[in-house]
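Listed below are the residues making up each chain.
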Amino acid sequence: RMAAAPPSYCFVAFPPCSKDGLVVFGKNSARPRDEVQEVVYFAAAAHDPGSKVECTYIEIEQVPKTHAVVLSRPSWLWGAEMGANEHGVCVANEAIVTREPASESEALLGMDLVRLGLERGATAKEALDVIVALLEEHGQGGNYYEDGSSCHSFQSAFLIVDRNEAWVLETSGKYWAAEKITEGVKCICNQLSLTTKIDAEHPELRNYVKSQGWWNEDSDFNFSEVFSLADDHIACCSGRESLEKQGGDVSAQAMIDVLRDKDSGVCVDSESFLTTASIVSVLPQDPSFPCIHYFTGTPDPSRSIFKPFIFVDDVKSVPKVQSPSFGNDDPAKKIPRFQEKPDRRHELYKAHEWARSLLENDQDKGQKLMKIMLDLEKQGLEAMEDILSRTEILDPAEVVDLFYDCVDTELKFFK
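This report concerns the structure included in the present document. (Residues numbered from 1 in each chain as written. Predicted model: local features only at pLDDT ≥ 70, side-chain atom pairs only at ≥ 80, totals over all residues. Heavy atoms only, no water.)

This next bit is on the overall build of the chain. Regarding its fold elements, the chain presents 10 helices and 18 strands. Taken over the C-alpha trace, the chain has a radius of gyration of 20 Å; the compact-globule value for 415 residues is 22 Å, and the two agree within 12%. Here the C-alpha coordinates of the chain stretch approximately 60 × 50 × 50 Å along the principal axes. Expressed as a percentage of its 415 residues, the buried residues of the chain come to 58%. As displayed, the chain has an accessible area near 17300 Å², and 47% of this comes from carbon and sulfur atoms. Here the chain holds 42 positive side-chain charges and 69 negative ones, and the gap between their average locations is 4 Å. (Helix = DSSP H or I, 4+ residues; strand = E, 2+ residues; numbered from the N terminus. Rg over C-alpha atoms; globule rule 2.2 N^0.38 Å. Buried < 20%, exposed > 50% of the residue type's maximum accessible area, 1.4 Å probe, protein only. Areas by Shrake-Rupley, 256 points an atom, 1.4 Å probe, with all protein chains shown as cover. Lys, Arg positive; Asp, Glu negative; His and termini not counted. Charge placed at Lys NZ, Arg CZ, Asp CG, Glu CD.)

What follows is about the nonpolar core. Counting 92 residues, the largest nonpolar core has Phe 11, Leu 159, Val 161, Phe 223, Val 280, Tyr 294 and Ile 310 as the members making the most contacts within it. In terms of residues, this core owes the most to one element, helix α8 (residues 363-389), which gives 8 residues. Those residues in contact with Phe 223 that lie beyond four places of it in its chain are Glu 170, Trp 176, Ala 177, Leu 192, Leu 194, Thr 195, Ile 198 and Leu 205. Counting residues in each nonpolar core, the second largest holds 47 residues, with Leu 135, Ile 160, Val 268 and Ala 332 among its members. (Core = buried A, V, L, I, M, F, W, Y, C linked by side-chain atoms within 4.5 Å. Contact = heavy atoms within 4.5 Å.)

Axis separation between α8 and helix α10 (residues 402-414) bottoms out at 10 Å; the angle between their running directions is 165 degrees. One way to sum up the angle between α8 and α10 is to call them roughly antiparallel. When the axes of α8 and α10 are compared, the crossing they make is right-handed. Only Leu 402, Thr 409, Glu 410, Phe 413 and Phe 414 of α10 make contact with α8, whose side of the interface consists of Leu 369, Ile 372, Met 373, Leu 376 and Met 384. Of the residues that constitute the contact of α8 with α10, the class distribution is 8 nonpolar, 1 polar and 1 charged. (Axes fitted to C-alpha atoms, helices over the stretch in contact; angles between N-to-C directions. Parallel < 35°, antiparallel > 145°, perpendicular 65-115°, else oblique. Left-handed = near helix turned anticlockwise from the far one by under 90°. Nonpolar A, V, L, I, M, F, W, Y, C, P; charged D, E, K, R; others polar.)

All we've got here are geometric facts, nothing functional implied.
Structure follows, in structure tokens:
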């Protein structure tokens, strides 16, 4: 039997469900329990003609210009689980299982495609076009986990969002279909969700499934029904109801609350998987306001705090949420891969391990610490709301150290 895909959840809320002309995006990244996620920023860059970019497993052609990106990623790989770029595009991916076995041979990972879409697409639709073109050219495949003993490969689904619209993109091999969303709430998780509303698709998709004998044109073409293994394409999302209950008031805080909810299953904490990092982004539909991206950089959002990041020139880098780099000695880069697992914990991750043991062993102190942390988070959220309600243009100098300072303050509380 194929390995179960980790149950990550991604959400987007548009008006009329979200607050005052905001698009709100969120994802919990469910991954193997001991995997470390880091938060990294890469500035926009120009590249020489003919240069290449080394992704997790393969090298591909680089483009002349890449956009600035901020990413939350498992620290052993090149791509990302989720992230945003300077143009207000957010992308998250889901590992999914379809009736076609995912390729174990090394190609692009779904997570590489997240980063490539962000670096190369200035709108959600551009990012989608980038991802499907690369899928066509290079294919997807290879181990999703840092595991030397077996290969876990999956197909990919993506939630791609900008200030105006979102695209749900689902893939199986190089074949794909996508749906455009411009209002209400959408949730995607680790199974196919597209049915008969398809707004863009691989040009050969229908011919391919007919040739496989999976569809014969006597019923409407339903992507999930055609590509799912069995009847596992149910409406997967418990979190969506809680967002819809907000009645037009989905804000960053409401999205954070949904991501923290263990009872609904959205915040995964199971024997094999844990929510190892989370993101919430607020994208004002009015382009004169900045987009705000909140990252935890640590596992379990119910015990982590969401810290704001805003794209400005010369944004200060934050080594305390970056894992150590092992260069070419990294076991993820050597063949055979993953023969050992180096210690990839960053400073904030280590501080959190200490805090977690406190929460588990001294309830009283733990509760006090958590209260201080949540107050800190609330101050950040309120300061960001203030930025979004001002009439004057944001002074970049005001937020150049924003994420750095939040991480720093968080670490001080743990000391």
